[in-house]
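Given next are the chains, with one letter for each unit.
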Amino acid sequence: MDYFNGKTDDDFIKFFIDELYSKTEFVQVTPPVEEFEPDQEYGKHILATQQKLHDYIKAAMREKMNYMSVDSERKRIEKKKKALFEKLLPDIELYISKIKIDYK
């Protein structure tokens, strides 16, 4: 059964990558850190993009499945997100290496 209204993993990944690369320059007022920090401006953008993907998955599922219980829907969405983010992690790391951060 298709729970995601015909959307494939590649569709979800393309959506995420397009959203992620919609912003590649950031202004940061704190000193640089050596690893990912969600409070850094680019970290906020990545987390917001992850939320957009979550919403996109949820909308795709709801278009197709109006009768699913909330718990069942949540479990399927989380399972799909986990599978996608395992595939997306290298893309996120590549994105971080390509962005421009201007520290003020």
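Presented here is a report on the structure given in the accompanying data block. (Residues numbered from 1 in each chain as written. Predicted model: local features only at pLDDT ≥ 70, side-chain atom pairs only at ≥ 80, totals over all residues. Heavy atoms only, no water.)

**Considering the nonpolar core**
Argument step 1. The biggest cluster of nonpolar side chains holds 19 residues, and the ones touching the most others in it are Phe12, Phe16, Leu53, Ile57, Leu84, Leu88 and Ile92.
Argument step 2. Secondary structure elements with two or more residues in this core: helix H1 (9-20), helix H2 (41-64) and helix H3 (70-98).
Argument step 3. Dropping the residues within four chain positions of it, Phe16 is found in contact with Thr49, Gln50, Leu53, Phe85, Leu88 and Ile92. (Core = buried A, V, L, I, M, F, W, Y, C linked by side-chain atoms within 4.5 Å. Buried < 20%, exposed > 50% of the residue type's maximum accessible area, 1.4 Å probe, protein only. Helix = DSSP H or I, 4+ residues; strand = E, 2+ residues; numbered from the N terminus. Contact = heavy atoms within 4.5 Å.)

**A word on the packing of aromatic side chains**
Argument step 1. Overall, the coordinates contain five aromatic pairs when judged by the stated rule.
Argument step 2. Ring centres of Phe4 and Phe12 lie 6.0 Å apart, and the angle between their planes is 85 degrees; this geometry places the pair in the edge-to-face category. Side by side, Phe4 and Phe12 carry an identical accessibility label, which is buried.
Argument step 3. Grouping aromatic residues by their ring pairs yields a cluster made of Phe4, Phe12, Phe15 and Tyr56. (Phe/Tyr/Trp six-rings, centres within 6.5 Å; stacked < 30°, edge-to-face > 60°.)

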